[in-house]
Structures are given as C-alpha cells and as structure tokens.
Amino acid sequence: MDWSFLLFSVVKIFVVFSVVMTMVAYAVLVERKVSAFIQDRVGPNRTTPFFAKFIPVLGPLLTRWGIFQPMADALKAILKEDYTPGHVRKIYFWLAPAIAMVPALLTLAVIPFGSQLGAQKMVIADLDVGILYTFGIVSLGVYGIVLAGYAANSKYPFLGGLRSSAQMISYEISMGLSVIPIFLMVGSLNLSDVISHQSGNLFHWHIFQQPIAFFIFLIAAFAETNRLPFDLPEAETELVGGYHTEYSSMKFALFFLGEYAAMISVSAMMVTLFLGGWTLPFFGLDQPATSLGMGLLHILIFLAKLCCFLVLIIWVRWMLPRFRYDQLMDLGWRRFIPVALANIVVTAAVLLFAKS
Amino acid sequence: MIVERKELSLAERLYLPAVVNGFSVTWRHFKRTVFEGRNAAKETSDGYYPEVPWKVERGYRGAPYLVRDQEGSTKCVSCQLCEFVCPPKAIRITPPGPDGPPADRDNAEKMPKEFEINMLRCIFCGLCQEVCPEEAIFLQKDYSLTGLSRAEMIYNKEKLLSLGGTHAGTQKWRHKLDEARAQEAFPIENRPAAH
C-alpha cells in the first residue's frame, strides 16, 4: 500500500467534500436570491449572527446579501424535531435520504477539478471507465427517491416516487446516448483524456463540436436532477412535496442537499464533457500546470465554469413552467432518443470518412 | 362544453421562442431589482414588512370578530347560523339556554353565553359574516394572528368583542325598539275615543 497515495486521497476527498457542501449551502442562497430578484423581492437579508455587529462596514453589507443565511438554515435543519410518522415503513424511511444523497457525492470522485498541484493530479480517482462509473452511480440516485415514495406509505409521496422512477429512467437513456459521440471522438472513457482532447482551441470544446449532444445532455440533466421544468417528482403545487412530503428536519435536509449536490455533480460533468473542464484556450492555460499558482488557477477556472452552470440551472427554475407528464415522456422518448441515436450514427460516419 | 384546442404552430412546438421570451421577462425583472434597486416593497410601501406594516385595503378578509352596536351592547343573538355555516367548523357557540342570563340589550331574546372562534381552524372565508342576520360578526383587518399555544388561539367572546369594537352600521331592529318604546310612552288618555 502506497501511504502517500492514501494520505493525499483522504485530503482530496476531505477538501472536495467540504467545498461541495459549502457550494450546496450557498447554491441554496443563490437560488433564494435569484428567485427573489426575478419576482421583484429582496430575498433573505436579515440573518445577523452576533459577531456581524463588530465588523465595521462589511457586516451590515454581508447581512443584506444574506451571506449568513445558510448558517441559520443549517441550524434550523439540525435543531428541528425529526418526526417519523406512524404509518411509514421505518427501514426504508430511514434509508431513503442517505441513498438520495450519496450518489450525488460519489459521482464527484471521477471529475478532474483541476490539472495538477505539485505532483498530485487534481482528481480523486482517475478511473479509465470514468463516465461508465458516473452513469452507474447516477442511476442509483433514483432509488433514494423511489424508496422515499414507497416508504412514506401515503399517496403524494407515492405518486412522486412513481413519476421520478419513470422520468429518471427514460432520461438516463437519452443522457447516456447523447455522450456517446463525445467518446467516439475522444476514443477513451477517461475524463482526463476528454479534457485534454478539448485543449488547444476554443472550438475544440465539445459544446461547439457536438452542440446537439450538449443540448440533449443539458436537458436530460435537468430531468435527472429533478429541477424545473421537469420537477414532476416534487411538484409542490400538485403533490405537496412529492417524495419528501413526510420528511422533516435533517432527513428532509438530506434530500435538499442531495438535490443541490446532484446539481453540482451534473454541472461538473457538463463542464468536463463539453466546456473543456479546467482548461481555457488562452495563455497556455490548456496544458497541465507546472507551478502551484497555475494549478490553483485551473481549479478556479473549473469552479467558475461550474458556477455558470449552477446559475443557469437555478435561473431556468424561475423561468419555465412545469411540463405535463405526457409532454415530458414524449420529449424524452420520441424526440431526444431518436435525435441522440442519429447523432451517434452521423458522428461515427463523419469520423470514418475523416479517417479514410 | 367542448373547448377547441388550437393546433400549435411550429414555433410553439419547438418551445425555444418560449424560452427566449421567458428569459427576457425574468431578466427584465432581475435587472430592475438588482441594478435599479426597485422592488415590490419599495414600490408599494415605505419599507419592508415587519417594520412597516402592510396597509390593509378595504374589503380585505382578515380575522372575524364580534362587534357591538353604537350603544355598546352585543349584537349577536346566538342564532348559531355562523356556527352552522362555518366550513372548517371553527366557530363554537354556547347558547344561554332557558335559564341563562338575558340579552344585554332590549328586543333581543338572547345572546351567546360563550362564543369561541378557533383562529387555527378559521379559513377567513367570510361565510359567517355573510350569513349573520344581525350584522354581528365581521371579517376585520387583522392578518397576523400569533400565539404561543393552541389554547391561546381559541378566541372567546370577551376577546372577540374587545377586538371587534363598535360597528357603526345599521341597527336592524332599532325602529321596532323605538316603536315599542313610543308605544309604552304613548299617553292613553289622549287616545282618540273609539267609535
């Protein structure tokens, strides 16, 4: 056993986990602020911890921006009564939030979030089957929701669970099919190879080379993360809260964190697959870093791209109304799957001609 | 009735124009709130809610309270129509019964011994006000009812009357009362002799 490998892996896992959890907390804040601004409101602007008074100018400003709000949210989630209704199936009820949360975090293991810091590659597990692993784990995410719907043993969660199982399974197909052209072009399933394939020129980014694949992946990503316009499993207006109707306190918070962590991991996937990951095609930023500063810059570039996607996902939620269930299924099965299949065939044909 | 469903045009089916449209609308509002500092609270009021209470417009359906008439007596005659009509069954009236205390005003047969509204159940629908033949209960302007316990949120007659205040409307049976009083005061000696 290589001890330094173990040590560095643990450090990376710890850092990635804490960064992701912070991002989740602040993604919630951004969501609340963006929704407020779009609806002519001001959003959370009051949470003032005791020490904010002692910061001269910045304290009130941070308070107005709601910077302390996530702390209050977390405190509330922890301190609330964790109520288990009498009619639920206890084991599944306890299991479901964890199962909903864990896959979202696991997918982050294969994402290269930077090039190199010193001799360390900035990826937790540089798997050769990176994307296969991701899809395998992502498809586990649906179990959390289905189990929650089943365990709650009441009608709204049950409907939510049913909807989510149908929705996530159908969109997984188009999601999986949409990225195959990328791997035809790259010739490897390793996500680091995908990134190096996109270096050199802005138009090497797969978003420009495979716009259709990107489009389908983006929309399937909305469906996979249960975000509007495809939030049918949750559908507050018709199903109360869908699969998490019966949950409270920390268990509900786990679903919530899971949703936002899934948003982050799916955005990370999109950045890696289509937007060139940590690279930028200027100033030699598309080559693995040789110095510590460059390495940090690469991580920042990755995070910036990630945040763009997060804002996009959040913005869309306040922009589009929810799809009807049959429209959702129609879009998935009768539009995206044929288009994705055609895209594979065309890409393969073009690659074949280019070779010969 | 059968609603004709229009065939959607290609642009509508593509959904993309709707996305562009949606973005322009949301961006307009976002820009207005973030860069121009305008928001609903500023436009419609002097500030934000808890500090600057919301101005309640006429016709708002707030909490239902009992009212007194101009002379300070209870208008409610314990007919229990509101209790009967209340959809969430938030109202409970205890009538005085045969040996209960008499009404505190003339020409009313009775008044409720106890009148309770459970504000946790009340849905502010206004049916009680609508059904009341005596104009004794009105939905008033209170919209922020709070309490520390469930028991505290059940308002009794005393509380409802003190919150309700006086209603300056018509006194429905006033002319009857006046007539009755006039009758009593009418000097019999002066009455024209019967034929």
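What counts as what
- Residue positions are given per chain, counting from 1 as you read along its sequence in written order.
- Labels are handed out in written order, letters beginning with A for the chains and numbers beginning with 1 for the ligands.
- Only residues with pLDDT of at least 70 get local features here, since the model is predicted, and only at 80 or more are side-chain atom pairs given and counted; chain-wide, interface and lining totals rely on the full set of residues.
- Working definition: helices are DSSP H or I runs of at least four residues, strands are E runs of at least two. Numbering for both runs from the N terminus.
- Values of the radius of gyration come from C-alpha atoms, whereas the globule rule sets the reference at 2.2 Å times the count of residues to the power 0.38.
- Three classes are used. A residue is buried when 20 or more other C-beta atoms lie within 10 Å of its own, exposed when 12 or fewer do, and partly exposed in between, with C-beta atoms placed from the backbone.
- Our contact criterion uses C-beta atoms placed from the backbone: two residues qualify when those atoms are within 7 Å.
- Note: two strands are recorded as paired if DSSP finds a minimum of 2 bridges between them.
- For every element, the axis is a line fit to its C-alpha atoms; helices are fit only across the contacting stretch, and the angle between N-to-C directions ranges from 0 to 180 degrees.
- For classification purposes, angles smaller than 35 degrees are called roughly parallel, those larger than 145 roughly antiparallel, those between 65 and 115 roughly perpendicular, and all remaining angles oblique.
- Handedness of each helix crossing follows the sense of rotation of the near helix against the far helix: counterclockwise by less than a right angle gives left-handed, clockwise gives right-handed.
- Under this grouping Gly is polar, as are all residues other than the nonpolar Ala, Val, Leu, Ile, Met, Phe, Trp, Tyr, Cys and Pro and the charged Asp, Glu, Lys and Arg.
- Residue ranges assigned to each domain were obtained from an automatic or database domain assignment.

I keep staring at the overall build of chain A and nothing clicks. Help me out?
Summing up its helical and strand segments, chain A has 13 helices and two strands in all. Relative to the compact-globule value of 21 Å for 356 residues, chain A shows a C-alpha radius of gyration of 21 Å, a close match. Across its three principal directions, the C-alpha atoms of chain A cover 65 × 55 × 50 Å. For chain A, the residues scored as buried account for 42% of the 356 residues in total. For chain A, the proportion of contacts with a sequence separation of at least 24, taken over those separated by at least 6, is 77%.

What am I meant to see in the overall build of chain B here?
Along the backbone of chain B there are seven helices and five strands. Going from N to C terminus, chain B has its helices and strands arranged as α-α-α-β-α-β-β-α-β-β-α-α. Against the compact-globule benchmark of 16 Å for 195 residues, chain B has a radius of gyration of 27 Å, which places it well outside the compact range. Each principal axis of the C-alpha distribution contributes one length, and for chain B these read about 95 × 50 × 30 Å. In chain B, which comprises 195 residues, the proportion classed as buried is 18%. The long-range fraction of contacts in chain B, counting pairs at least 24 apart against all pairs at least 6 apart in sequence, stands at 72%.

Just to check I follow, could you spell out the pairing of strand S3 (residues 114-118) of chain B for this structure?
Both faces of the sheet carry side chains from a regular strand, because those side chains alternate between them. Residues and elements named next belong to chain B. Of the two faces of S3, only one is covered, namely that formed by Phe115 and Ile117; the face formed by Glu114, Glu116 and Asn118 stays uncovered. In terms of strand pairing, strand S2 (residues 91-94) meets S3 through four bridges, oriented antiparallel. Each bridged residue has a counterpart across the sheet, and for Ile93 the counterpart in S3 is Phe115. Here S3 pairs with strand S5 (residues 154-155) via two bridges, running antiparallel. The residue of S5 that forms the bridge with Ile117 is Tyr155.

Where do I start with the sheet that holds S2 of chain B in this structure?
Sheet strands line up and pair through hydrogen bonds in the backbone, either parallel or antiparallel. Residue and element names in this part refer to chain B. A sheet is described by the order of its strands in space; here three strands give the open sequence S2-S3-S5, paired in antiparallel fashion. Of all the strands in the sheet, just S2 and S5 have a single pairing partner and so form its edges. Helix-sheet contacts for helix H6 (residues 157-164) involve S3 and S5, and the interaxial angle to S3 is about 75 degrees.

In this structure, what is going on with the packing of helix H1 (residues 3-38) of chain A against helix H12 (residues 292-317) of chain A? I would like to understand it.
What describes two packed helices is the angle between their axes and the distance between those same axes. Residues and elements named next belong to chain A. Running from amino to carboxyl end, H1 crosses H12 at an angle of 45 degrees, the nearest separation of the two axes being 10 Å. Judged by the inter-axis angle, H1 sits oblique to H12. The two elements H1 and H12 meet at a crossing, and its hand is right-handed. Of H12, the residues touching H1 (which contributes Ala27, Val30, Glu31 and Val34) are Leu310, Val311, Ile314 and Trp315. Among the residues making up the contact of H1 with H12, the classes are represented as seven nonpolar, no polar and one charged.

So what exactly am I meant to see when it comes to the interface of chain B and chain A here?
Interface size is commonly expressed as the accessible surface area that is lost when the partners come together. Opposite the eleven residues of chain B that make contact, chain A presents ten residues. Of all the secondary-structure elements, those providing two or more residues to the side of chain B that touches chain A are helix H2 (16-34) and helix H3 (40-44) of chain B. It is H2 of chain B that provides the largest number of residues to the side of chain B that touches chain A, a total of eight residues.

Where do I start with the environment of Leu139 of chain B in this structure?
Residues and elements named next belong to chain B. In this structure, Leu139 sits in strand S4 (residues 137-139). Residues Leu139 and Gly100 lie 39 residues apart in sequence; the distance between their C-alpha atoms is 28 Å. Leu139 has contacts with Arg61, Gly62, Pro64, Phe124, Gly126 and Gln129, leaving out every residue within four places of it along the chain.

So what exactly am I meant to see when it comes to the packing of helix H6 (residues 155-186) of chain A against helix H13 (residues 325-355) of chain A here?
Residues and elements named next belong to chain A. The N-to-C vectors of H6 and H13 enclose an angle of 15 degrees; their axes lie 9 Å apart at closest approach. Considering the angle they form, H6 stands roughly parallel to H13. For the pair H6 and H13, the sense of crossing is left-handed. Residue composition of the contact of H6 with H13, grouped by class: 18 nonpolar, seven polar and one charged.

Whenever I open this one, the domain arrangement of chain B confuses me. Can you help?
As assigned here, chain B comprises domain 1 (11-53) and domain 2 (64-179). Taking only C-alpha atoms, the centre of domain 1 of chain B and the centre of domain 2 of chain B are 43 Å apart.

Got a minute to help me understand unusual backbone geometry in this structure?
Glycine aside, negative phi is the norm for most residues, and most peptide bonds take the trans geometry. Even without being a glycine, Asn226 of chain A presents a positive backbone phi close to 60 degrees. Assignment of secondary structure puts Asn226 of chain A in the loop between helix H9 (211-224) and helix H10 (236-239). For Asn226 of chain A, a count of 27 C-beta atoms within 10 Å translates into the label buried. Not every positive phi belongs to a glycine, and Lys89 of chain B is a case in point at roughly 55 degrees. One can find Lys89 of chain B in the loop between helix H4 (81-85) and S2.

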